[in-house]
Amino acid sequence: MSRASLVLLAAVGAFLYAGAVAVILTGDAEAAGPLLLVAIFAGICFVVTGVIATARRPENRTGPLMLAVGYLWSLGALQESDSSLWFTLGIVLGQLAFGPFAHLLLSFPTGFLERRSDRLLVIATWLLVSLGPLAIVLVTPEPVSGCDDCPENAFLVWENESLGSAIELVFAALAIAIAATAAVVLARRYRAASPPQRRVLAPVVGTSVVALLLLVVANVADSVSESGGVVFGLLAILAIGLIPVAFLLGLLRTRLARGAVANVVVAIGRGTPLRDALADALGDPSLSLAYWSERQGSWVDDDGRPLADPIADGRRQAAFVEHEGNRVAALIHDASLADQPGLIEGVSAAVSLQLHGEHVRAELRSQLNLLDTAVNTAPSLLSVVDPEGRIRNFNRAVELATGLDDPEQIRGEYFWNVFIDPSEREDMRARFGAAAPEFAPAVYENLFTNARGEQLVIQWSSAPLVEDGRVVAIVAGGLDVTERKRREEELQRERDSTDTLVQTIPTLIVVTDDSGVILLHEGRAGVNRAFRDTLGWTDEDVGRRPVAELVAPEDAAAMREAVRSAGAGRSSHELESRWRHADGRLLLIAWSATRIPDPSDAHRTLVLLSGTDVTDRKRREQELQWERDFANTLAEIVPSLLVVVEEDATITHDGVNRAFEDTLGLPEPRTAGMSFLDLLDPEDEYLARMAIGSAANGVPASERESRWRRPNGEPVFVAWTATPIPGLRGKPLVLISGVDVTMRRRQEEEIRASRARIVQAADDARRRLERNLHDGAQQRLVSLSLSLRLAEAKLPSDPEQAAAILLAAREELTHALDELRELARGIHPAVLTERGLAAALEGVVARTPLPVELELPEHRLSGPVEAAAYYVVSEALTNVAKYAGASSAHVRVRQDDELGLVTVDVIDDGSGGADPRGGSGLRGLADRIAALDGTLDVDSPPGEGTRVRATIPVRHAVPSL
């Protein structure tokens, strides 16, 4: 700070305190007493000390805080004025000095409040000293109790002594609490401080704690005794006044501490260790030294060991020491010593030479430590042997290799007694003696058993250590190659095993370079025994030969590309090529190409071709595929319904054939995953489930008939069986094989119905014949019998009457004969038998009441065929005459010898609409035709007439008579 600033600060302080004295003099000086004088003394001490601290350390806030305390302290003197205004202002402003005072105590020695709790405590102090006295004077008429001569309260707003007393009580309690808290904080801070910090804090903290305690006691005593409060208040203000004096003592002690520089030099001269002398001089027992190592580029300790970087933290700082412009060391001290830079600089300058020497020794120790660490941590065995062969020095690796627990068992022992097996020690001793005196560098390897019984292989390299032209020692460095030897042996065994495996496996192996040329090494080609046995080639035939030449020409390009891709790191997928046998045959080989490393040359890439002869397998696959195709084709074309189901009746994928799809109208995609039981009528489901379960357990189910259903619900009768068949992965499957018997069932039902109708027709014909005979010819014959008896009776007595009766009987007999002929003709026309179909149909046409065109074959047909044709025409024309309302009809009977058929057509131009199921006549004809393996069709659209066609198979025609 400049001198002008100091003069200005001093002038402000002088003005303030001159004003305070003036106020006192204008009042009652005697009443002021010693308390006011002590207070003024304390304020002056704060101002003076604040000016000195600000001038010495402008960056430190302690000086301005002391000035603030001193300046504000002078305001309390206004209470001694006789003026009401100045008196009241003295009461209101007299406590403000405690705001910066609290800040000064809690932030000493830096002047900065580092903790949040300290800042809150200072804020609370400011609020209390600024608002408390103001609140008191606003409601209390006599703010100073017991003072009868004091001026009136100029700031009284509302006179309320009770409220004023309460405010005074709260103000005193809060003041005590804040003062006690501040005292505790200062005590704890002193206790936690380092020794250098305590030396600085001790005067200030001691006087501050005493002053705060006296303030607390004064406030408590004032509530009990006015005189006691005055006494303790006087002591408290006196202690507060000593605080800046304590601060001045700290400054003076810092100046005096510089004399410790001479003590450091004296202590070092007496043999005191450098670090201890520095710690005593600086008053910091925790002081440590660090030395800069240019070789390592880091800080090291006294023994040359590297230190952590950075070497200081928040609680400790480093002061660097230089010698002749070069950094040599650092004093790592307590952070509180940073306030005494002159002391640290003086001590550092005094011992810089000693620190430089220690720096050099630390550098040497660092190099030795590094060398010792490198030697002892190196995996190599290092030993120094004298010219007589005794071991003089060795590293940690030697100790571990020997297996000896005591290093002294090694030192001084002959080298060969430690590292050479007994059987080879004499040879080793002889070689060592032969190498003297030059002991030329040598490299050798030996096997020995250490003290733990472990067999080690050491590869040694030795060289002489020469001084003044004479070998003084031999340095032997060894490398434990036991593990390497073991791996080499294992690798050799693996190679032998791999070679044996390659030669014995049935897979064809070919090794080529990346251009596809088969390797040839020491007369052996890069092929295995399987290759030679399968293809018949010898090593001489294929060695150094492009592998593409061993395949069919059309496959050579694909092989070259696969080998090239494999050499580039892209393994090929399995390929099939035709490889040439030595005798010219072509074998189908499935193979792939993969890149492999060359064990003898790490920079070269090889290609491994591995393959299998699939010629027979391919042939068997083709045969099996043909069998599968044949079976699939057969399954598709057979008329049987085939369904493959699992044991739970689920239809498998591709589990139905074409006959199944056509019969049930279910394509294969719809049936996959569908239950076979869903295709059956519920009544047949249980038996079907049992049959499938039996077949799944290996017992075929016999044929049974079930009602299967189409998607539209239409039933299909199928006769089927369930047979077990092998499935994939041992899963049982069941083959259901069935035949659609719907038509057969319908035909059987038709046959049963026609048989019933034939029996019924025969019964009806017999009953009709019986009725006709009974009602016709039988009655006439009975009447004739009676007439003959009557004539017999009349003959003796009345011959004429008897003759008349006989005549009538003869006529009756004639009528009976006619009826019998007619009846016989209805059963089977005699003309049909005697003259054939043409004559019989002409008689039928003659009796038909409408024109009929008749077209007949030239030759007679067999009897059953003619009878069937006759009754078809007769019945059809009878229906035409009765129901059709036709004007004409056409009858045509044709025989087709090529087809072996007789076709009978009866066509009319009537109203049509005939229903063959409506009457028994056409049904009877259909049964008669069916008995001859024929068919009867009726085509009768309404309004378009009717055509009845009978188709009857025949073998040959019967010539007409």
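Residues numbered from 1 in each chain as written. Predicted model: local features only at pLDDT ≥ 70, side-chain atom pairs only at ≥ 80, totals over all residues. Heavy atoms only, no water.

**Things to note about the overall build of the protein chain**
Here comes step 1: Within the protein chain, the regular secondary structure consists of 31 helices and 25 strands.
Here comes step 2: Counting over 961 residues, the protein chain shows a buried share of 38%.
Here comes step 3: Once local pairs closer than 6 in sequence are excluded, the contacts in the protein chain between residues at least 24 apart make up 57%.
Here comes step 4: In the structure as shown, the protein chain presents an accessible area of about 53,100 Å², 56% of it carried by carbon and sulfur atoms. (Helix = DSSP H or I, 4+ residues; strand = E, 2+ residues; numbered from the N terminus. Buried < 20%, exposed > 50% of the residue type's maximum accessible area, 1.4 Å probe, protein only. Contact = heavy atoms within 4.5 Å. Areas by Shrake-Rupley, 256 points an atom, 1.4 Å probe, with all protein chains shown as cover.)

**Let's talk about the nonpolar core**
Here comes step 1: L837, Y870, V872, V873, L877, V902 and V904 are the most contacted members of the largest nonpolar core, which has 32 residues in total.
Here comes step 2: Of all elements in the fold, only α29 (837-847), α30 (863-884), β22 (889-896), β23 (901-908), α31 (920-931) and β25 (946-953) reach the threshold of two or more residues within this core.
Here comes step 3: Here this core gets 10 residues from one element, more than from any other, and that element is α30.
Here comes step 4: Core analysis: the second largest hydrophobic core is formed by 26 residues, L641, F660, L680 and I692 among them. (Core = buried A, V, L, I, M, F, W, Y, C linked by side-chain atoms within 4.5 Å.)

**Details of the packing of helix α5 (residues 98-107) against helix α7 (residues 161-192)**
Here comes step 1: At a minimum axis distance of 10 Å, the contact between α5 and α7 shows a crossing angle of 20°. For the element pair α5 / α7, the angle class is roughly parallel. At the point where α5 passes α7, the crossing takes the left-handed sense. Facing α5, whose interface residues are L105, L106 and S107, α7 presents V185, L186 and R189.
Here comes step 2: In terms of residue class, the contact of α5 with α7 is built from four nonpolar, one polar and one charged. (Axes fitted to C-alpha atoms, helices over the stretch in contact; angles between N-to-C directions. Parallel < 35°, antiparallel > 145°, perpendicular 65-115°, else oblique. Left-handed = near helix turned anticlockwise from the far one by under 90°. Nonpolar A, V, L, I, M, F, W, Y, C, P; charged D, E, K, R; others polar.)

**Some points on the pattern of salt bridges**
Here comes step 1: Considering all chains together, one arrives at 26 salt bridges under this definition.
Here comes step 2: Where R429 meets E426, a salt bridge forms, and the shortest distance between an N and an O atom there is 2.6 Å. Here R429 pairs with E426, and both are found in helix α16 (residues 425-435), just three residues apart, close to one helical turn.
Here comes step 3: Here D681 makes a salt bridge to R707, at a shortest N to O gap of 3.7 Å. A residue pair is termed long-range when its members are at least 10 positions apart, and D681 in the loop between α23 (668-671) and α24 (682-696) and R707 in strand β18 (residues 701-709) qualify at 26 residues.
Here comes step 4: For R707, a relative accessible area of 27% gives the class partly exposed.
Here comes step 5: Overlapping salt bridges, with partners in common, bring together D681, E683, D684 and R707 in one network. (Salt bridge = Lys/Arg side-chain N within 4 Å of Asp/Glu carboxyl O.)

**A closer look at the sheet that holds strand β14 (residues 586-597)**
Adjacent strands of a sheet form backbone hydrogen bonds with each other and so pair up, either parallel or antiparallel.
Here comes step 1: The four strands are arranged β10-β15-β14-β13 in an open sheet whose pairing can be described as antiparallel. Strands at the two margins of the open sheet, each flanked by one partner only, are β10 (508-513) and β13 (575-580). For this sheet, the mean inter-axis angle between neighbouring strands, taken without regard to orientation, is 40°.
Here comes step 2: The sheet strands contacting helix α20 (residues 553-567) are β10, β13, β14 and β15 (605-613), and the helix crosses β14 at an angle near 15°. (Pairing = 2+ DSSP bridges.)

**Quick look at α20**
Here comes step 1: Taking 1.5 Å per residue, 15 residues should reach 21 Å; α20 reaches 22 Å between its end C-alpha atoms and fits that length.
Here comes step 2: Looking at α20, one finds that the buried residues are D555, A556, M559, A562, V563, S565, A566 and G567.
Here comes step 3: In this structure, the buried side of α20 is in contact with β10, β13, β14 and β15.
Here comes step 4: Positive backbone phi, at 100°, marks G569, one or two positions downstream of α20. (Expected span 1.5 Å × (residues − 1).)

**A few points about the packing of helix α3 (residues 62-73) against α5**
Here comes step 1: Close contact between α3 and α5 brings their axes to 8 Å; oriented N to C, the two are set at 155°. Accordingly, the angle class assigned to the pair α3 and α5 is roughly antiparallel. Seen from above, α3 lies across α5 with left-handed handedness. Only F98, P100, F101, H103, L104 and S107 of α5 make contact with α3, whose side of the interface consists of T62, L65, M66, A68, V69, L72 and W73.
Here comes step 2: A per-class count over the contact of α3 with α5 returns 10 nonpolar, three polar and no charged.

**Describing the packing of aromatic side chains**
Here comes step 1: Summed over all chains, the structure comprises 13 aromatic pairs.
Here comes step 2: Between F419 and W460 the ring centres are 5.0 Å apart and the planes differ by 70°, which places this aromatic pair in the edge-to-face class. Remark: W460 occurs in strand β8 (residues 455-467) and F419 occurs in helix α15 (residues 415-419); sequence separation between them is 41 residues.
Here comes step 3: Since its relative accessible area comes to 0%, F419 is described here as buried.
Here comes step 4: Judged by relative accessible area, W460 falls into the buried class, the value being 1%.
Here comes step 5: With a centroid separation of 5.2 Å and 75° between ring planes, the pair formed by Y870 and Y871 is classed as edge-to-face.
Here comes step 6: Overall, the relative accessible area of 7% leaves Y870 in the buried class.
Here comes step 7: The class of Y871 is buried, set by a relative accessible area of 17%. (Phe/Tyr/Trp six-rings, centres within 6.5 Å; stacked < 30°, edge-to-face > 60°.)

**Describing the environment of F415**
Here comes step 1: The residue F415 is located in helix α15 in this model.
Here comes step 2: F415 gets classed as buried once you look at its relative accessible area, which sits at 4%.
Here comes step 3: Taking C-alpha positions, F415 is 9.5 Å from E388, a pair spaced 27 residues apart along the chain.
Here comes step 4: Residues within four places of F415 in sequence aside, it is in contact with S383, V385, G389, I391, I420, M428, Y444 and W460.

**Considering the environment of G389**
Here comes step 1: Structurally, G389 is set in the loop between β5 (381-385) and β6 (391-394).
Here comes step 2: Judged by its relative accessible area of 0%, G389 is buried.
Here comes step 3: Spatially, the C-alpha atom of G389 lies 9.0 Å from that of G412, the residues being 23 residues apart in sequence.
Here comes step 4: Ignoring anything within four residues of it in the chain, the contact list for G389 reads E413, Y414, F415, W416 and F432.

**Details of unusual backbone geometry**
Here comes step 1: Residue A436 is joined to P437 through a cis peptide bond whose omega torsion reads 0°.
Here comes step 2: Along the chain, P437 turns up in the loop between α16 and β7 (442-449).
Here comes step 3: Residue R544 is not a glycine yet carries a positive backbone phi of 60°.
Here comes step 4: Residue placement: R544 occurs in the loop between α19 (539-542) and α20.
Here comes step 5: What makes R544 exposed here is its relative accessible area of 59%.
Here comes step 6: One non-glycine residue with positive phi stands out, namely A649, at about 75°.

**What to know about the pairing of strand β9 (residues 470-480)**
Here comes step 1: As judged from the five bridges shared by β5 and β9, these two strands associate in the antiparallel manner. Of the residues in β9, the one forming a bridge with V385 is I474.
Here comes step 2: Count of turn residues in the β8/β9 antiparallel hairpin: two residues, of which D468 carries a positive phi of about 55°.

**Some details on the pairing of strand β21 (residues 852-855)**
Here comes step 1: Sheet topology places β21 next to β22; four bridges connect them, and they run parallel. What sits directly across from E853, in β22, is H890.
Here comes step 2: Between β21 and its parallel partner β22, the chain crosses via α30, and the hand of that crossover is left-handed. (Right-handed = clockwise from strand over helix to strand, strands pointing away.)

**A look at the sheet that holds β22**
Here comes step 1: An order of β21-β22-β23-β25-β24 is seen for the five strands of this open sheet, with the pairing classed as mixed. Of all strands in the sheet, those bounded by a partner on one side alone are β21 and β24 (935-939). Here the strands of the sheet are splayed against their neighbours by 10° on average, with no regard to which way each runs.
Here comes step 2: Bridge analysis of β22 against β23 gives eight bridges, and the strand direction is antiparallel. Each residue of the ladder has a partner; that of R892, found in β23, is D905.
Here comes step 3: Packed onto the sheet, α29 meets β21 and β22 and runs at close to 175° relative to β21.

**What to know about the environment of L89**
Here comes step 1: With respect to the helices and strands, the residue L89 is situated in helix α4 (residues 84-93).
Here comes step 2: Taking C-alpha positions, L89 is 9.7 Å from V137, a pair spaced 48 residues apart along the chain.
Here comes step 3: Aside from chain neighbours lying at most four places away, what touches L89 is L78, G94 and F155.

**Brief notes about a nonpolar patch on the surface**
Here comes step 1: Taken together, L134, L138, V157, W158 and L163 make up a surface patch of nonpolar side chains, about 450 Å² in accessible area.
Here comes step 2: If you trace the backbone, L134 turns up in helix α6 (residues 116-139). (Patch = residues over 30% accessible without salt bridge, like charges linked within 9 Å, V, L, I, M, F, W, Y side chains within 5 Å.)

**Thoughts on the confidence of the model for the protein chain**
Here comes step 1: Within the protein chain, residue pLDDT values average 76, and 70% of them lie at 70 or more.
Here comes step 2: Mean pLDDT in the protein chain bottoms out at helix α1 (residues 3-26), which sits at 48, and peaks at β23, which reaches 92.
Here comes step 3: Taken as a whole, residues 1-11 scores under 50 in pLDDT and shows 10 contacts with residues more than four places along the chain or in a different chain.
Here comes step 4: For residues 956-961, every residue scores under 50 in pLDDT, and the model assigns this stretch 13 contacts once sequence neighbours within four places are set aside. (pLDDT = per-residue confidence, 0-100.)

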